Amino acid sequence: MTQGRAAAPGPSGPPGPPVTAGHAVAAAQAARAPRGPVPAAWQAAPRLRRLATVAVAVVLAAVLTRHASLLLLGAPALAALAATRRGTRPLALDADVTAAPARCFEGEDVEIVASVAGGVDEVTFRVQPGPAVALVEGPATQVAVAGRPASARWVLRPHAWGRYQLCSVAARCTDGMGQATVTLRPGPVEVFPHAPPARATLLPADLLRRIGEHTASVPGAGIEFSGIRGYQPGDQLRDLNWAVTSRLARPHVNQRAALRAADLVIMIDAFSDVGPPGDTTLDVAVRGAAGLATAYLRTGDRVGVVVLGGVLRWLAPAPGNRQFFKIVEMAFGVRFPSEATPDLDRVPRTALPPRALVVLFSPLLDRRALNAVTDLRQRGVSLVIVDVLQHEPPAEPRLPMAQLALRLWRLDRGALRASLTGLGVPVLTWDSGTGLEGAQVPLRGRRVRAVR
Amino acid sequence: MASTSDRSGRDRPRPHLAAVVIRAVAGCLGAGMVILPAPELHGRTWALLPAGLLLVAASLAGPAARWRAVGTLAAGVAVAESALGRPGLPELAGEGLLILGYLLLVDAPGAMTAASAVRWLRLQLPAAAWGTLVAAAVLVVLAVPVPVSAWLLVAGAGAAVAATVAALPRRPGRPRQPR
């Protein structure tokens with residue numbers, strides 16, 4: 001059982017949820033489908049068909065060959081049919097399936113337990129994991145014979161975030177010569193994205209006036225050395241730089257940089273979603289967003305999120321661990337199908353506060369997302385793009401122009417990235433197999449400036 | 001415990017020892033039901049022997065085991081062998097019991113543990129016992145020569161009518177009216 005593991009991530013993982021009794025209870029609860037009798041359509045079991053077929057074949061053979069002793073062949077089969085237990089079978093089976101815990105992170109184990117109550121001779125359970133869900137413990141097919149509680153247990157491991165049903169369980173119940181198959185589905189499980197390691201090193205040129213943990217370019221009461229100046233009344237004696245003072249014969253003091261906080265707004269481009277299940281561009285984007293949010297929230301910054309695609313939704317920047325779970329729960333809905341086209345000119349001010357750094361996770365495939373980038377630059381927003389496209393379009397080797405088309409596509413991508421860089425928007429490439437720290441290297445020590 | 005380790009969990013599970021033993025016994029019964037009437041075959045009907053053995057093997061292992069009709073076809077081949085070969089009454093009785101045993105065991109689930117297999121076999125005991133009793137009774141009826149007698153026919157018909165009347169469900173009576 002992994003109950004409660006979602007509530008206690010490791011030190012390198014995302015921040016833990018707020019410690020409230022209600023939250024802990026919710027994390028430990030099992031995802032259970034609405035319980036109640038499941039309608040069962042009973043039909044003839046395969047054994048009944050076999051025995052009846054053999055009996056009919058024997059009778060036919062006896063009649064055709066005029067050899068009455070052949071009836072001896074079918075007599076045991078007919079007796080077995082006659083000896084079958086009769087009686088009314090329930091029209092509904094008391095079947096249940098649970099998934100515990102109801103909340104977990106990607107790569108954690110979830111226990112599935114299916115059970116069928118009531119008197120049936122034999123129940124064959126077969127679990128069918130969903131896409132991007134691996135069966136890690138227990139055979140896929142399990143049989144329970146009468147005399148013991150009919151139940152089966154598996155351990156699944158989801159590899160994709162979201163709120164979804166991890167599997168379906170087919171329970172084939174055999175009672176006498178009748179058979180019924182019911183399909184059980186556990187309640188949806190909330191799978192939080194696994195946050196890759198990241199550091200809060202992407203910073204806008206102008207930090208907020210709020211005290212934080214980032215070194216600002218203005219002097220202040222921080223710990224980072226920023227310069228030397230002449231002594232002024234009010235300076236502390238311990239700040240005196242004795243070497244410079246003795247060399248210049250005038251008192252000089254060390255100057256330190258101020259420590260300021262930053263606002264981070266993460267934008268997720270949900271216009272396009274390409275790639276294999278569990279590793280689509282949207283999956284990678286949400287994982288990256290979770291990693292960045294974790295890093296900045298850990299340093300006391302405020303983090304917000306804006307989802308581009310479908311209905312425009314946003315979450316105003318806020319500090320604290322609770323914000324991580326708000327962001328993730330908002331991300332659960334990014335795949336909500338909608339034909340509405342958002343009006344990007346109306347991104348609210350609360351979603352994009354001044355002097356905030358905006359990090360856009362996008363595969364750069366949809367023109368609307370690129371229009372949004374242009375619009376943000378015109379509004380003077382400090383913007384960084386993280387390219388989450390990891391798979392090139394498949395080139396059909398039999399087509400003679402396929403390789404040429406692929407080269408053109410690569411050139412087009414290169415031109416697009418160059419034009420964005422020309423606009424003053426840094427474009428980072430991130431391979432989701434590694435942490436975000438590697439992608440942040442090109443901007444290490446640099447501040448992202450807003451260019452109008 | 002057999003386990004699956006791939007990402008999708010769709011690979012074939014490793015069968016338990018109990019399931020393998022049940023399959024082996026079913027194979028022996030199936031081979032017996034095909035081989036028992038073989039000595040009486042002649043000419044081209046000998047082709048039924050390898051066909052039946054192949055069907056028995058296919059019904060127990062391999063990709064064709066998923067199709068339940070294969071087992072039924074194997075039993076059908078055994079019936080055809082008996083119809084063409086005309087073996088004696090004891091052989092026919094044994095053949096019927098072998099067919100019943102094979103049909104009962106070929107349906108055994110493949111993912112049973114030893115304890116489950118024992119309980120499953122216990123569930124099959126009534127059918128096997130009734131099949132044996134009826135086969136013995138029919139064998140006796142066919143083996144013992146009975147002289148034709150009108151009184152015997154009348155007694156048999158009367159017994160059948162009495163049994164039917166006794167087996168018919170009765171209508172529940174009206175509750176007695178309170179005085």
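Please read these numbers as outputs of a predicted model, since none were measured by experiment.

Calculation criteria
- Residues numbered from 1 in each chain as written.
- Chains lettered and ligands numbered in written order.
- Predicted model: local features only at pLDDT ≥ 70, side-chain atom pairs only at ≥ 80, totals over all residues.
- Buried ≥ 20, exposed ≤ 12 C-beta atoms within 10 Å, placed from the backbone.
- Helix = DSSP H or I, 4+ residues; strand = E, 2+ residues; numbered from the N terminus.
- Pairing = 2+ DSSP bridges.
- Axes fitted to C-alpha atoms, helices over the stretch in contact; angles between N-to-C directions.
- Contact = placed C-beta atoms within 7 Å.
- Right-handed = clockwise from strand over helix to strand, strands pointing away.

Engineer: Describe the pairing of strand β20 (residues 302-308) of chain A, listing the residues and the values that go with them.
Structural biologist: Residues and elements named next belong to chain A. β20 sits mainly inside the fold: seven of its seven residues count as buried. Of the pairings in the sheet, the one linking strand β19 (residues 263-269) to β20 comprises seven bridges and is parallel in character. Following the sheet pairing, I268 is matched in β20 by V307. Here β20 pairs with strand β21 (residues 313-318) via four bridges, running antiparallel. By the bridge assignment, V303 is partnered in β21 with A318.

Engineer: I'd love a proper account of the sheet that holds β19 of chain A, names of residues and values included.
Structural biologist: Residues and elements named next belong to chain A. An order of β21-β20-β19-β22-β23-β24 is seen for the six strands of this open sheet, with the pairing classed as mixed. Lying at the two open borders of the sheet, with one neighbouring strand each, are β21 and β24 (427-429). Averaged over all neighbouring strand pairs, the angle between strand axes comes to 20°, with direction disregarded. Sitting on the sheet, helix α5 (residues 281-298) is in contact with β19, β20, β22 (356-362) and β23 (382-387), with an inclination near 175° to β19. Across the sheet, helix α7 (residues 367-378) is in contact with β19, β20, β22 and β23; its angle to β23 comes to roughly 155°.

Engineer: Outline the pairing of β19 of chain A, supporting the account with residue identities and numerical values.
Structural biologist: Residue and element names in this part refer to chain A. Of all the seven residues making up β19, seven are buried; the element is thus mostly covered by neighbouring parts of the structure. Across the two faces of β19 the burial is the same, with D263, V265, M267 and D269 and L264, I266 and I268 all buried. In this view, the connection linking β19 to its parallel neighbour β20 by way of α5 has right-handed handedness. As defined by bridge partners, β19 adjoins β22 across six bridges and the pair is classed as parallel. In the sheet register, V265 faces β22, and the bridge partner there is V358.

Engineer: With reference to specific residues and values, describe unusual backbone geometry.
Structural biologist: All names here are of chain A. In this model, A100 is joined to P101 through a cis peptide bond whose omega is 0°. Take P101: it is sitting in the loop between β4 (92-100) and β5 (103-105). Phi is positive for A132, close to 65°, though the residue is something other than glycine. Using a count of 23 C-beta atoms within 10 Å as the deciding quantity, one classes A132 as buried. Residues other than glycine seldom take positive phi values, yet R355 does so here, at roughly 65°. By the secondary structure assignment, R355 is in the loop between α6 (321-331) and β22. Residue classification places R355 among the partly exposed positions, given that 17 C-beta atoms sit within 10 Å.

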